[in-house]
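Residues per chain are reported as follows:
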Amino acid sequence: MFVQMKRFVVAEGNAQKIIDRFGAKKDGPSLMEQQPGFIGKEVLVKKSRRGDEEVIIMVRWESEEAWKGWEKSPEHIAGHKAKIGQPKPDYIIDSSNSLYYVQ
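How each quantity is defined
Residues numbered from 1 in each chain as written. Predicted model: local features only at pLDDT ≥ 70, side-chain atom pairs only at ≥ 80, totals over all residues. Heavy atoms only, no water. Salt bridge = Lys/Arg side-chain N within 4 Å of Asp/Glu carboxyl O. Helix = DSSP H or I, 4+ residues; strand = E, 2+ residues; numbered from the N terminus. Polar contact = N/O pair within 3.5 Å; in protein donor to acceptor, adjacent residues only side chain to side chain. Contact = heavy atoms within 4.5 Å. Pairing = 2+ DSSP bridges. Axes fitted to C-alpha atoms, helices over the stretch in contact; angles between N-to-C directions. Patch = residues over 30% accessible without salt bridge, like charges linked within 9 Å, V, L, I, M, F, W, Y side chains within 5 Å. Areas by Shrake-Rupley, 256 points an atom, 1.4 Å probe, with all protein chains shown as cover. Buried < 20%, exposed > 50% of the residue type's maximum accessible area, 1.4 Å probe, protein only. Arc of directions from axis to C-beta.

- Looking at an unreviewed UniProt entry, one finds the protein chain named Antibiotic biosynthesis monooxygenase, with Ureibacillus galli as its source organism.

As C-alpha cells, this is what we get:
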C-alpha cells in the first residue's frame, strides 16, 4: 500500500475550507475516488482550542503506480492547470505533501 499525506496549517477558523475542498462529496465519488487503485481517504483535523488549525488529508492507494496513475491523469492535471496564476489563499499558512510506503 502507498499513502499520500497532505498537511495544511491554516489561520484559525479556516479548517472547514480545506475540509470542504478535500472531504467527502455530496454528489457521489470524486474523480480521484474513481481512479483505479484508490483505496480510501481520511480527512484529519487536529484538536485545538484556539490559534492556527491543522488538517491532514491521507489518501491510500494500492501501489505507488496507482498513485502515479492519478497524478498523471488528464483529470488531475486539468484541475491543477485551472489554478495556474491564482494566488494561494491567504488563510493557508503552510502546506506540505509527503509520500509513504506501508510496511
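Let's pick the thread back up.
## Brief notes about the pattern of salt bridges
Side chains that carry opposite charge are capable of pairing whenever their charged atoms lie near each other.
Alright, step 1. Summed over the entire model, instances satisfying the criterion amount to six salt bridges.
Alright, step 2. A salt bridge links Glu 54 to Lys 46, with the shortest nitrogen-to-oxygen separation between them at 3.9 Å.
Alright, step 3. Because the salt bridges share partners, they merge into one network encompassing Arg 7, Lys 46, Glu 54 and Asp 94.

## Regarding the side chain of Glu 53
Alright, step 1. Along the polypeptide, Glu 53 turns up in strand 3 (residues 53–61).
Alright, step 2. Polar contacts involving the side chain of Glu 53 include one to the main-chain amide nitrogen of Gly 13, which spans 3.0 Å.
Alright, step 3. If sequence neighbours within four positions are ignored, Glu 53 has contacts with Phe 8, Val 9, Val 10, Ala 11, Glu 12, Gly 13, Asn 14, Ala 15 and Ser 48.

## Examining the sheet that holds strand 4 (residues 92–101)
Alright, step 1. The strand order across the open sheet built from four strands is 2-3-1-4, with neighbouring strands paired in antiparallel fashion. For this open sheet the edge positions go to strand 2 (38–45) and strand 4, each flanked by a neighbour on one side alone. On average, each strand axis in the sheet is inclined to that of its neighbour by 10°, with strand direction left out of account.
Alright, step 2. For strand 1 (residues 2–10) and strand 4, the ladder comprises nine bridges, and the chain directions are antiparallel. What sits directly across from Met 5, in strand 4, is Ser 98.
Alright, step 3. Sitting on the sheet, helix 2 (residues 64–71) is in contact with strand 1, strand 3 and strand 4, with an inclination near 55° to strand 1.

## Comments concerning a nonpolar patch on the surface
Alright, step 1. The grouping of Met 1, Ile 39 and Val 102 at the surface amounts to a nonpolar patch, some 250 Å² of accessible area in total.
Alright, step 2. Within the fold, Ile 39 resides in strand 2.
Alright, step 3. Classification of Ile 39 as partly exposed rests on a relative accessible area of 40%.

## Comments concerning the environment of Ile 92
Alright, step 1. Structurally, Ile 92 is set in strand 4.
Alright, step 2. Each C-alpha atom of the pair Ile 92 and Glu 54 lies 9.9 Å from the other, and the pair is 38 residues apart in sequence.
Alright, step 3. Residues within four places of Ile 92 in sequence aside, it is in contact with Phe 8, Val 9, Val 10 and Ile 18.

## Some remarks on helix 1 (residues 15–22)
Alright, step 1. For helix 1, the set of buried residues is Ala 15, Ile 18 and Phe 22. Taken down its axis, helix 1 places every buried residue within 65° of arc, on the same side.
Alright, step 2. Of the surrounding elements, those touching the buried residues of helix 1 are strand 1, strand 2, strand 3 and strand 4.

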